[in-house]
Amino acid sequence: MSQLKNIKKNIIQASHFGQEGHVASALSILDILFVLYDKVLNLSLNNLDSDDRNILILSKGHASLAHAAVLEANKFITRSELMDYCSHESILGGHLNKKKVPGVEASTGSLGHGIAISIGMALASKIKKIKNSVFVIVGDGECNEGTFWESMLLASNHNLDNLCCIIDYNRSNDRALKLDSLHEKVKAFGWHVEEIDGHSHKEIISSINSKVVDKPKAIIANTIKGYGIREMENNPAWHHRSPSKEELEQMIKELS
Amino acid sequence: MRAQFVKTVSKLIQSDERVVLLLGDIGVFGFRKMFAQYPERTYNIGILEQSTIGLAAGLSLSNLIPVVHTIAPFIVERALEQIKVDLGYQELGANLVSVGASYDYAALGCTHHCPADVPTLNEIPGIEIVVPGHPDEFDKLFNQNYDNGNTTYFRLSEAKNTHSYNVEFNKNIVIQEKGGVVIIAVGTTLEAVLDASLNLDVTIIYCTTVKPFDFDSISKFLSKKILIIEPYYSGSILTNILRQSGNINGNFSTIGVPNDFINKYGSKADIDKMIGLDSDSIKKKIIEKINE
């Protein structure tokens with residue numbers, strides 16, 4: 001857990017130095033990303049070109065700080081690259097670019113894009129008879145997009161049981177367009193659906209490992225936006241804001 | 001050209017196991033043999049153009065070669081952000097093949113017109129735009145280009161020129177060279193241009209690749225009067241000439257589809273005549289240009 005705390009500190013420090021980033025969104029999905037890289041994906045710089053590597057696409061690209069910090073923890077990028085977040089010459093922008101960042105499979109940012117790309121990659125694995133898994137993390141706000149529901153139809157129609165869509169259900173979008181009965185809706189589109197506490201590593205790993213045949217799997221991860229930092233938790237003011245020096249010191253203290 | 005598209009792509013599905021066809025619920029009957037023989041790489045993906053482009057990007061990221069086919073406004077205008085971000089920004093290889101051109105579906109009205117496809121895609125960095133004028137030309141250009149690692153837009157039309165030329169990607173063809181006016185005819189406009197130019201001393205350059213534009217082919221004609229004739233909203237060729245040349249001075253005119261909604265029905269020929277893209281109207285413009 002100390003590693004996870006360090007990653008959280010890195011996220012807020014990088015955001016402070018760059019004065020950029022969606023920190024609260026990053027903290028919403030950090031546990032999911034941490035578990036994926038730690039226990040599931042089996043990815044390293046050495047196997048990034050393997051055809052049968054597992055794939056992760058961060059469809060909610062604005063949570064890039066979490067992805068960048070986890071990539072740093074897994075030695076895909078250096079600490080100085082992480083702390084250079086969003087500078088003019090940085091390899092890391094507010095939305096990660098696959099051309100610049102090793103380990104990033106798709107350049108996302110516009111919502112509702114990564115899910116369709118993940119379907120293409122899962123279908124490609126079926127065509128090429130590759131036995132890997134494709135994971136895609138989408139936000140609940142992203143579920144407003146028509147392409148999310150188009151993609152739900154596509155994945156179940158093509159029986160993509162190598163695809164797992166993790167929905168970061170932090171309910172920040174409820175103020176705009178509620179996704180009431182999300183579980184039932186996704187299920188009605190032909191997916192196997194599980195619902196978990198998105199901050200429980202045990203539940204994350206067990207839902208990812210559950211075996212499903214002939215259907216794509218959706219994991220509705222109930223999460224808290226800004227998880228782990230009291231000031232930030234479910235506070236819309238922190239959607240796109242970076243900590244000041246004083247706030248950073250306070251947050252580091254809280255995490256220690 | 002659609003029949004040729006079926007033949008060309010069917011052959012490639014058979015010969016290149018990287019090719020994956022995604023149909024937007026059109027042209028399905030034409031590909032029935034491919035559906036039967038290669039179901040794992042032939043899909044009637046449905047009427048969801050945005051996700052289809054995203055899916056195509058995913059296939060491309062996995063080193064397959066997607067061929068996406070539907071009607072021009074739906075593939076270009078509806079899925080524009082996906083073309084820009086998923087294909088363009090990520091610099092992926094894909095083939096987008098449209099039908100309907102500017103107003104082939106004249107009787108169906110403006111929802112099915114797409115004179116903005118070429119100018120719109122012209123603004124996406126790195127995307128190649130091919131406008132064949134004959135089915136044989138589509139076959140040549142597609143085979144030359146389908147696996148070059150870039151996103152290429154192929155604009156098919158129900159119209160076609162009588163004769164085909166030995167076209168190459170990114171190469172214009174000088175069909176005749178005389179007089180002080182140079183006409184650049186794009187794709188299916190060549191037929192009307194050749195008709196209109198009978199017995200006129202004009203140079204005719206035939207263009208089937210709008211982007212990247214073959215600037216070298218016109219560099220020696222830049223001191224002459226240049227008339228560009230395009231079968232979509234005019235201006236893309238001129239834009240590309242100016243960008244590639246670094247903003248030269250020259251005597252340029254463009255003729256294309258006017259920037260209006262075409263609220264009439266009938267046939268493509270009716271609309272050609274109405275907007276001045278028939279051979280009689282083009283002839284008048286050429287003579288005006290000669291007499292300038």
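Note that the structure is a prediction, hence the values are computed from the model and not measured.

Draft legend 1. Seen up close, the overall build of chain A. When its secondary structure is counted, chain A shows 9 helices and 5 strands. Seen in sequence order, chain A has helices and strands lined up from the N terminus as α-α-β-α-α-α-β-α-β-α-β-α-β-α. Its C-alpha atoms give chain A principal-axis dimensions of about 50 × 40 × 30 Å. Expressed as a percentage of the 256 residues in chain A, the buried residues total 52%. Long-range contacts, defined as pairs at least 24 residues apart, comprise 76% of the intrachain contacts of chain A with a sequence gap of at least 6.

Draft legend 2. Quick peek at the interface of chain B and chain A. With 22 residues of chain B at the contact, the number on the chain A side is 21 residues. Of all the secondary structure elements, the ones that give two or more residues to the side of chain B that touches chain A are helix H3 (49-61) and helix H5 (80-89) of chain B. Broken down by element, the residue count for the side of chain B that touches chain A peaks at 9 residues, all from H3(B). Taken together, the residues of the side of chain B that touches chain A sort by class into 10 nonpolar, 7 polar and 5 charged.

Draft legend 3. Up close: unusual backbone geometry. Cis rather than trans, the peptide bond between B:Lys211 and B:Pro212 has omega equal to 0°. Of note, B:Pro212 is situated in the loop between strand E10 (209-211) and helix H9 (216-219). Not every positive phi belongs to a glycine, and A:Ser181 is a case in point at roughly 60°. Of note, A:Ser181 is situated in the loop between strand E3 (163-169) and helix H7 (182-188). Even without being glycine, A:Asp214 reaches a positive phi, approximately 70°.

Draft legend 4. The arrangement of the sheet that holds strand E2 (residues 42-44) of chain B in detail. All names here are of chain B. Spatially, 7 strands are ordered E2-E1-E3-E4-E6-E5-E10 in an open sheet, and the strand pairing comes out mixed. Strands with a single pairing partner mark the edges of an open sheet, and in this sheet they are E2 and E10. The average undirected angle you get between the axes of adjacent strands in this sheet is 20°. Where strand E5 (residues 128-130) and strand E6 (residues 151-155) come together, 3 bridges link them in parallel fashion. The residue of E6 that forms the bridge with Ile129 is Tyr153. Sheet strands in contact with helix H1 (residues 2-15) are strand E1 (19-23), E2, strand E3 (65-71) and strand E4 (94-99), and its direction is about 145° off that of E1.

Draft legend 5. Region of interest: the nonpolar core. By size, the foremost hydrophobic cluster in this structure holds 165 residues, and its most contacted members are B:Leu21, B:Ile183 and B:Ile184. The leading source of residues in this core is helix H2 (residues 23-40) of chain A, at 12 residues. The residues that make up this core include at least three from each of domain 1 (2-155) and domain 2 (173-291) of chain B.

Draft legend 6. Seen up close, the packing of H1(B) against helix H7 (residues 135-145) of chain B. All names here are of chain B. In contact at an axis separation of 9 Å, H1 and H7 are set at 35° when each is read in the N-to-C sense. As H1 runs across H7, the sense of the crossing is right-handed. Here Ala3, Gln4, Phe5 and Thr8 of H1 come into contact with H7, specifically with Pro135, Phe138, Asp139, Phe142 and Asn143. Class assignment for the residues of the contact of H1 with H7 results in 5 nonpolar, 3 polar and 1 charged.

Draft legend 7. Looking closely at the sheet that holds strand E4 (residues 192-197) of chain A. Residues and elements named next belong to chain A. Taken in spatial order, the 5 strands line up as E1-E2-E3-E5-E4 in an open sheet, and their pairing is parallel. Both outer strands of the open sheet, strand E1 (55-58) and E4, are each paired with one neighbouring strand and no more. The mean angle between the axes of side-by-side strands here comes to 20°, regardless of whether they run parallel or antiparallel. Note: strand E2 (residues 134-139) against E3, 6 bridges, orientation parallel. Across the sheet, Val138 pairs through a bridge with Ile167, a residue of E3.

Draft legend 8. Representation of H1(B) in the model. Residues and elements named next belong to chain B. In this model H1 runs 20 Å from its N-terminal to its C-terminal C-alpha over 14 residues, within 8% of the 20 Å that 1.5 Å per residue would give. The set of residues buried in H1 consists of Phe5, Thr8, Val9, Leu12 and Ile13. One face of H1 carries all of its buried residues, which in axial projection span an arc of 135°. Away from its buried face by more than 90 degrees, H1 exposes Ala3 and Ser15. On the buried face of H1, the contacting elements are E1, helix H2 (32-37), E2, E3, E4 and H7.

Draft legend 9. Geometry of the pairing of E3(A). Residue and element names in this part refer to chain A. Burial analysis of E3 places 7 of its 7 residues in the buried class, the great majority of the element. In E3, alternate side chains face the same way, and those of Leu163, Cys165, Ile167 and Tyr169 on one face and Cys164, Ile166 and Asp168 on the other are all buried. Where E3 lies against strand E5 (residues 217-222), 6 bridges are found, and the strand directions are parallel. Counterpart to Cys164 in the pairing with E5 is Lys217.

Draft legend 10. Expanded view of the domain arrangement of chain B. Residue and element names in this part refer to chain B. Taken domain by domain, chain B consists of domain 1 (2-155) and domain 2 (173-291). Just the C-alpha atoms count here: the centres of domain 1 and domain 2 sit 26 Å apart. Sorting the residues of the side of domain 1 that touches domain 2 by element identifies helix H6 (117-122), E5 and H7 as the ones contributing at least two each. The leading source of residues in the side of domain 1 that touches domain 2 is H6, at 4 residues. Across the side of domain 1 that touches domain 2, the residue classes tally to 15 nonpolar, 5 polar and 4 charged.

Draft legend 11. Spatial organisation of helix H3 (residues 64-73) of chain A. All names here are of chain A. Of all 10 residues in H3, 10 are buried; the element is thus mostly enclosed. Here H3 has its buried residues at Ser64, Leu65, Ala66, His67, Ala68, Ala69, Val70, Leu71, Glu72 and Ala73. Buried residues in H3 make contact with helix H1 (2-18), H2, E1 and helix H4 (79-83). The first or second residue beyond H3 is Lys75, which carries a positive phi of 65°.

Cut-offs and rules
Residues numbered from 1 in each chain as written. Chains lettered and ligands numbered in written order. Predicted model: local features only at pLDDT ≥ 70, side-chain atom pairs only at ≥ 80, totals over all residues. Helix = DSSP H or I, 4+ residues; strand = E, 2+ residues; numbered from the N terminus. Buried ≥ 20, exposed ≤ 12 C-beta atoms within 10 Å, placed from the backbone. Contact = placed C-beta atoms within 7 Å. Nonpolar A, V, L, I, M, F, W, Y, C, P; charged D, E, K, R; others polar. Pairing = 2+ DSSP bridges. Axes fitted to C-alpha atoms, helices over the stretch in contact; angles between N-to-C directions. Core = buried A, V, L, I, M, F, W, Y, C linked by C-beta atoms within 7 Å. Domains from an automatic or database assignment. Left-handed = near helix turned anticlockwise from the far one by under 90°. Expected span 1.5 Å × (residues − 1). Arc of directions from axis to C-beta.

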